[in-house]
Amino acid sequence: MADSDPIVVTGMGAVSPLGVGVDANWQALMAGRSGTVVNTRFDTTEFACKIAGLVPGKEQPDGFDPTRVIDPKDIKKMDLFIQYGLGAAAEALAQSGWVADTPEKQAVTGTIIGSGVGGSPVMAEAVNIINDKGPRRLSPFTVPSFLANLAAGWISIKYGFKGPIGAPVTACAASAQAIGDAMRLIRTGEAEVMVCGGAEGSVDPISIGGFAASRALDTSHNDTPTEASRPFDKGHAGFVLSEGAAVIVIEKLSHALARGATPLAIAAGYGTSADAYHLTAGSPDGAGAQVAMNQAIRSAGLRPDDIGYVNAHATSTEVGDNAEINGIRAVFGDRGQSLAVSSTKSATGHMLGAAGAIEAVFSILALRHQMLPPTLNLHDPEEVAKQFDLVPLEAKPKTLKHALSNSFGFGGVNASLVFSAV
C-alpha cells in the first residue's frame, strides 16, 4: 500500500568529476562523457595507477570554485571533502528553498553526510610536515580538517541545523546509509527535514597507493583514462578512484507542500545488511546484497517486478560486478531485457563514500527525465551480466516508475535505496 504521506526529495546538489551542479552532471552523463583523467593531483611517477576522477577546477567549464560557497578564510580549515560537501549542500538547499531561520525550524532540521575515508590528503600532508619540519609546525586546524564527520559539522554550523547529525563511515556504502538513516529519522518524527548525502576527496598518495597495492585499481589504461572504468565488460581491470560530493534534501510530502516546495521524487525504500563474509569481497552469489535489495523493495511497499531500473554499485572489478549481477538475478528473477541495469561509475569513476549519493541523484534524474543512464566502455559484456539491459554506451528513453540504487563497501556492508516517480 502506498504511503499517503511519503518522504520526498525536494533538493539535490552534485560535485563530481563530470562537473559542478546537478544539471551539468546529468548533461555530461547523457552525452556519455567520462570524468576520468590523468592524475595531476600529485606526482605519480612511482605509482602504478596514474589516473583518477578529478573534480574540475574553477578554471574549467562547470568547475569547482570553493569561494562561491565558502568564506576564503575558512578554506584553510577544511580538507577537500568538506569543501565539496558544502558545495553540494548549497545547491541542494537552494533548490529545496528550505531556510532554517527560526529556532523551531533549526531544531527539526538534521544533517547526515557520510564519507568513506574523510580527509586523507590532510593526514598525508601532516605526516610529511612532521617528518620534514617537526610536529610544532602543524596547523591547529589539522584534526578538524580531516575528521570524517566534519562535512556534516560544517554544513550544520553554516546553516544553523540543530536537529540530528551523523556521518556514516561505512566505506563505499556511506552516503547510501546516510540517506537511509535520514529517512528513518523522518519516519520516527525525530526530524522534519534532513540534509543527507556524502563527500569524498581522497585522491591522494595514501589512497591511490593503498588501493593499487591491493590490486583494486585499473592500471592498464594510464594512457587512455576515459576507457578505464568499464563495469560488466570482460575487459574490466579495476576501478577508477574519484572524488566529489552529492547531497539531497528530504522531508514528508505534507511538509513540502505546506511550504510550497516542489517534490522531485519519492524516497520510497531503504535496506541494509552485512555480508559477514570477507574484508574486501562480497559473497559470489551476492547473498548480502540480496538482503539489502529485498528490504528496500519491501519497505517501499513494492515487488521486484515494479522496479524498472537498477543503478548498480558495479565498480569495474570482475569479482564485484559478477557478484552483484548474481544478487540482482536472485532478487529479480529472469527479467531479461525488461530490467535495465547500468553503472554510472563508468562515467564518474568510484567516488567511494560519496558514490551512493551521486548515484541516488542519477536514479532520481532517470525517473524525472524517463531516461536510462548509460554504461560507458561496455563493448563485450560478461556472460553473467548480458541477460539484462546494461544500457551500453548510450543513454536511452524508458518509461520508469521505480528505480533501485545499490551501494556496497569493504567490511561487507550493503545498502540499497528505492526511489519512485512523484
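Structure first, text after, so check above.
Owing to the predicted nature of the structure, the values given are computational and were not obtained by experimental measurement.

Student: How should helix α12 (residues 318–332) be read in this particular structure?
Tutor: Helix length check: α12, at 15 residues, gives a terminal C-alpha distance of 21 Å against a target of 21 Å (1.5 Å per residue), a fit within 8%. For α12, the set of buried residues is D321, N322, A323, E324, I325, G327, I328, V331 and F332. Looking one or two residues beyond α12, the residue adopting positive phi is G333, at roughly 75 degrees.

Student: How should the pattern of salt bridges be read in this particular structure?
Tutor: As a working rule, side chains carrying opposite charge can pair if their charged atoms are close by. A complete count under the given rule lists 14 salt bridges for this structure. A salt bridge links R303 to D306, with the nearest nitrogen and oxygen atoms 3.8 Å apart. Classification of R303 as exposed rests on a relative accessible area of 55%. What emerges from the salt-bridge pattern is a single network uniting D71, K73, D74 and K77.

Student: What is the right way to read the environment of F419 from this model?
Tutor: Within the element layout of this structure, F419 appears in strand β15 (residues 413–420). You can call F419 buried: its relative accessible area is 1%. Spatially, the C-alpha atoms of F419 and S115 are 22 Å apart, while their sequence positions differ by 304 residues. Every residue in contact with F419, bar those within four places of it in the chain, is listed here: V9, I266, A267, A268, A360, S363, I364, L367, K401, H402 and A403.

Student: In this structure, what is going on with the packing of aromatic side chains? I would like to understand it.
Tutor: Per the counting criterion, the structure on display carries 5 aromatic pairs. Ring geometry for Y159 and F161: centres 5.6 Å apart, planes at 15 degrees, overall stacked. We classify F161 as buried; its relative accessible area is 4%. Note on F211 and F239: the rings are 5.2 Å apart at their centroids and 75 degrees apart in plane angle, and the pair reads as edge-to-face. Of the two residues, F211 is situated in helix α9 (residues 205–213) and F239 in the loop between α9 and β8 (244–252); the sequence distance between them amounts to 28 residues. As far as the burial class goes, F211 and F239 line up, both buried.

The rules behind the values
Residues numbered from 1 in each chain as written. Predicted model: local features only at pLDDT ≥ 70, side-chain atom pairs only at ≥ 80, totals over all residues. Heavy atoms only, no water. Helix = DSSP H or I, 4+ residues; strand = E, 2+ residues; numbered from the N terminus. Expected span 1.5 Å × (residues − 1). Buried < 20%, exposed > 50% of the residue type's maximum accessible area, 1.4 Å probe, protein only. Salt bridge = Lys/Arg side-chain N within 4 Å of Asp/Glu carboxyl O. Contact = heavy atoms within 4.5 Å. Phe/Tyr/Trp six-rings, centres within 6.5 Å; stacked < 30°, edge-to-face > 60°.

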